[in-house]
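# Results of the structural survey
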Amino acid sequence: MKKINTTYTYHKDSPLDLMKEFTICESLALKDSPYMVAIKEPKPYGAMIGELLVKENLLKNGSRIMEIGGGYGSLMNGLFGAYSNLIKHAFMVDLSKNLLNVQRKKLSSWKNLITFINADVTEILDGLKNIDLLILNEMIGDLPTWMNLDAQNLPDDALALVKKYDLEIPEKGLFNLNIGAIQIVEQICKNKIPAFLSEHSSDPIIPEAMDYLKDGLSLNGFPREIKLFQHSEFTIRFSHLIKVAKAFGRKTFTGSLAELVGIKNTEQMRFV
């Protein structure tokens, strides 16, 4: 018998306040954000993501993109601000009607290029057509997680999943498994859509010359519960998601958000 953590009801029915959570996207939403003092080359987070996507040839002229769980619309706002010339159309999919209304206001400058969809992405993903790129930014930690699995006595479906993708698990004791994140990566791969996935709470990847970040940090990388306002989320073990993607023959690349956004490696940052 598995215990499942789900945030479905919270995100669907609650009047969400994302400022009760600390996200990279909102912290770096604007170029004049006070957090930009930590960044080598200040620019909106969406523009940072766009730069990476262009470099990897995932965002190109005439792209039709879809962001899933776009929060306040800050990533897409930064992306359009820097790369609107490459975007033919964007789709914003969210479980929360409240957040979709916020996104509509935030992205009103590009309203003719954006369609807003109130839906559970797991129910529509298999039917997607003509989408060139999916963006799932800082939301896969909200997906269902199997909790307190016994490594030496796994339920049949968990054991089958571990064997199917050769997922590394602890030798003994209880652990959590990101079943929702694994399943959405399976869906993305089956539909052969390129995707960018990120999560600020995940496997620790310590950039070179920043070993001081290890201090007090749990480094085993297995999903840990994060208790938030009226719900819990879980950290993501990206190595599991990479194994799923590679099982479908997908090319993957990964790295730390600290490196992606360009954190300054200075005495002041080490003090912080």
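See the structure shown above.
What comes next is a walk through the structure.

## Looking at the packing of helix H8 (residues 179-190) against helix H9 (residues 238-247)
The geometry of H8 relative to H9 is characterised by a closest axis approach of 9 Å and an angle of 25° between their N-to-C directions. With respect to their mutual orientation, H8 and H9 come out roughly parallel. Seen from above, H8 lies across H9 with right-handed handedness. In contact with Ala 181, Ile 182, Val 185, Glu 186 and Cys 189 of H8, H9 contributes Leu 241, Val 244 and Ala 245. For the contact of H8 with H9, the class distribution of residues is 7 nonpolar, no polar and 1 charged.

## Considerations on the nonpolar core
If you look at the biggest cluster of nonpolar residues, it comprises 38 residues, and the most contacted ones within it are Met 66, Leu 134, Leu 136, Ile 140, Leu 177 and Leu 241. Elements with a contribution of two residues or more to this core: strand S2 (63-68), strand S3 (87-94), strand S5 (133-137), strand S6 (145-150), helix H7 (156-165), strand S7 (174-177), H8 and H9. The element contributing the most residues to this core is H8, with 7 residues. For Met 66, the contacting residues outside a window of four places in its chain are Phe 91, Val 93, Leu 128, Ile 131, Leu 133, Leu 134 and Ile 135.

## Observations regarding the sheet that holds S5
Across the sheet, 5 strands lie side by side as S4-S3-S2-S5-S8; this open sheet has parallel pairing. Looking at strand neighbours, the two that pair on one side only are strand S4 (114-118) and strand S8 (195-198), the edges of this open sheet. This sheet shows a mean twist of 15° between the axes of neighbouring strands, independent of strand direction. Of the strand pairs in this sheet, S2 and S3 are connected by 6 bridges, and their pairing is parallel. Within the sheet, the bridge partner assigned to Ile 68 lies in S3 and is Val 93. Packed on one face of the sheet, helix H3 (residues 45-55) meets S5 and S8 and runs near 135° to S8.

Criteria and cut-off values
- Residues numbered from 1 in each chain as written.
- Predicted model: local features only at pLDDT ≥ 70, side-chain atom pairs only at ≥ 80, totals over all residues.
- Heavy atoms only, no water.
- Axes fitted to C-alpha atoms, helices over the stretch in contact; angles between N-to-C directions.
- Helix = DSSP H or I, 4+ residues; strand = E, 2+ residues; numbered from the N terminus.
- Parallel < 35°, antiparallel > 145°, perpendicular 65-115°, else oblique.
- Left-handed = near helix turned anticlockwise from the far one by under 90°.
- Contact = heavy atoms within 4.5 Å.
- Nonpolar A, V, L, I, M, F, W, Y, C, P; charged D, E, K, R; others polar.
- Core = buried A, V, L, I, M, F, W, Y, C linked by side-chain atoms within 4.5 Å.
- Buried < 20%, exposed > 50% of the residue type's maximum accessible area, 1.4 Å probe, protein only.
- Pairing = 2+ DSSP bridges.

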